[in-house]
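Examination of the molecular architecture
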Amino acid sequence: MTDKAGASITLNKVAFSYGETGVDFDLAIEPASITTVMGPSGAGKSTLLNLIAGFELPRSGRVLIGGTDVTATPPSERPVSMVFQENNLFAHLTVEQNVGLGRSPALRLTDADRAAIAEALDRTGLGDKPKRLPRELSGGERQRVALARVLVRDRPVLLLDEPFASLGPSLREDMVDLVKALQPERGMTVVFVTHQPEDARRIGGNMVFLDRGTVAAIGETVTFFTKDGPAAFRDYIGFDAGA
Ligand SMILES: Nc1ncnc2c1ncn2[C@@H]1O[C@H](COP(=O)(O)OP(=O)(O)OP(=O)(O)O)[C@@H](O)[C@H]1O
């Protein structure tokens with residue numbers, strides 16, 4: 001079972017660079033919360049998630065999850081799942097097999113695994129499509145399969161890197177609502193990268209605004225969308241306080 005208390009995420013003076021492009025993150029994310037990450041293209045949003053997941057390693061500084069130093073821990077051993085814009089489903093496997101990979105990479109599934117898979121499919125609205133192949137699904141349904149797969153992994157931290165960017169507005173709203181509902185049920189700590197201000201408003205929680213590889217502003221999302229919100233963020237989204 002997931003620990004409903006959730007896991008905090010701390011980046012303690014983390015420095016990282018791709019050649020000349022550097023990022024510097026000093027950031028604390030509360031356990032069992034939702035944090036949206038926004039910022040201009042190239043600001044370092046994906047890099048931030050990759051540092052938390054362990055796909056990139058800091059040049060200096062420390063990454064802590066749930067108070068444990070994971071700076072040197074390989075990605076597979078971190079208490080983290082990640083969903084990308086490309087959902088990485090296997091074309092030749094059915095919906096339930098793709099979800100089952102979250103439990104067992106060789107698909108050697110116990111009765112408990114099968115029960116968890118069925119529950120995750122129900123919860124994501126795919127309960128009537130377990131035998132479909134990815135090509136027989138809509139884009140929104142494919143992203144639901146990716147979400148169901150992270151649910152059966154039952155990791156305390158869920159990183160979402162623009163997972164709904166290719167969906168139309170109403171499907172995106174449905175998916176944002178689903179993540180918002182799942183977060184308290186599972187007690188997950190969700191970090192959600194998006195370019196869409198409407199997604200951020202809808203999901204609520206906290207906001208981290210990145211600019212040129214550093215945290216330019218942090219706070220409650222609802223405040224960001226008022227006249228008291230950070231000026232850099234308001235400029236970025238073209239917010240008119242008088243409107
Ligand atoms: N593999 C890489 N090799 C070299 N530079 C990279 C690599 N990945 C990212 N960068 C650079 O690092 C910086 C941060 O990139 P990152 O992908 O984190 O930005 P982002 O905010 O997610 O952007 P976008 O909104 O366009 O996805 C950018 O300047 C980018 O060009």
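Residues numbered from 1 in each chain as written. Predicted model: local features only at pLDDT ≥ 70, side-chain atom pairs only at ≥ 80, totals over all residues. Heavy atoms only, no water.

Per an unreviewed UniProt entry, the recorded name for the chain is Thiamine ABC transporter ATP-binding protein, and the organism is Mesorhizobium zhangyense. Its UniProt record, at the heading Sequence similarities (unreviewed entry), says of the chain: "Belongs to the ABC transporter superfamily." (UniProt positions renumbered as here; feature names shortened; annotations may be inferred.)

Every residue near the ligand is listed here: Tyr18, Thr21, Pro40, Ser41, Gly42, Ala43, Gly44, Lys45, Ser46, Thr47, Glu162 and His195. Backbone polar atom of Gly42 to an oxygen atom of the ligand: 2.9 Å apart, as the coordinates give it. One nitrogen or oxygen atom from the main chain of Ser46 is found 2.9 Å from an oxygen atom belonging to the ligand. In isolation the ligand exposes 630 Å². Once the protein is present, 59% of that is buried. Among the elements that line the shell around the ligand, the one with the most residues is helix α1 (residues 45-53), at three residues. Partitioned by chemical class, the residues of the shell around the ligand number three nonpolar, seven polar and two charged. (Near = heavy atom within 4 Å. Polar contact = N/O pair within 3.5 Å; in protein donor to acceptor, adjacent residues only side chain to side chain. Areas by Shrake-Rupley, 256 points an atom, 1.4 Å probe, with all protein chains shown as cover. Helix = DSSP H or I, 4+ residues; strand = E, 2+ residues; numbered from the N terminus. Nonpolar A, V, L, I, M, F, W, Y, C, P; charged D, E, K, R; others polar.)

A few words now on the nonpolar core. With 32 residues, the main nonpolar core has Leu147, Leu158, Leu160 and Val190 as its most contacted residues. Where this core is concerned, the elements lending two or more residues are α2 (95-100), α3 (111-123), α4 (139-153), β7 (157-161), α5 (169-186) and β8 (189-193). Examining the composition of this core, we find that seven residues originate from one element, α4, more than from any other. Both of domain 1 (1-79 + 155-242) and domain 2 (88-154) provide at least three residues apiece to this core. Ignoring any residue separated from it by four or fewer positions in sequence, one finds Leu147 in contact with Thr124, Leu158, Leu160, Met175, Leu178 and Val179. By size, the runner-up hydrophobic cluster in this structure holds 27 residues, among which are Leu27, Ile29, Val191 and Val208. (Core = buried A, V, L, I, M, F, W, Y, C linked by side-chain atoms within 4.5 Å. Buried < 20%, exposed > 50% of the residue type's maximum accessible area, 1.4 Å probe, protein only. Domains from an automatic or database assignment. Contact = heavy atoms within 4.5 Å.)

Two strands pair when backbone bridges link them, and strand β1 (residues 9-18) and strand β2 (residues 21-29) are joined in this way by eight bridges, in the antiparallel orientation. Across the sheet, residue Ile9 finds its bridge partner in β2, namely Ile29. Hairpin connection from β1 to β2: two residues lie between these consecutive antiparallel strands, with Gly19 at a positive phi of about 55°. Where β1 lies against strand β4 (residues 60-65), five bridges are found, and the strand directions are antiparallel. Bridge pairing in β4 links Asn12 to Arg62. (Pairing = 2+ DSSP bridges.)

For the coordinates displayed, the defined rule picks out 13 salt bridges. Where Asp128 meets Lys129, a salt bridge forms, and the shortest distance between an N and an O atom there is 3.5 Å. Look at Asp128 and you get exposed, because its relative accessible area is 60%. Relative accessible area serves as the criterion here: at 14%, Lys129 is assigned to the buried category. Between Glu198 and Arg172 there is a salt bridge; the shortest N-O distance is 3.1 Å. Here the residue Glu198 occupies a position in helix α6 (residues 197-203), and Arg172 occupies one in helix α5, the gap between them amounting to 26 residues. (Salt bridge = Lys/Arg side-chain N within 4 Å of Asp/Glu carboxyl O.)

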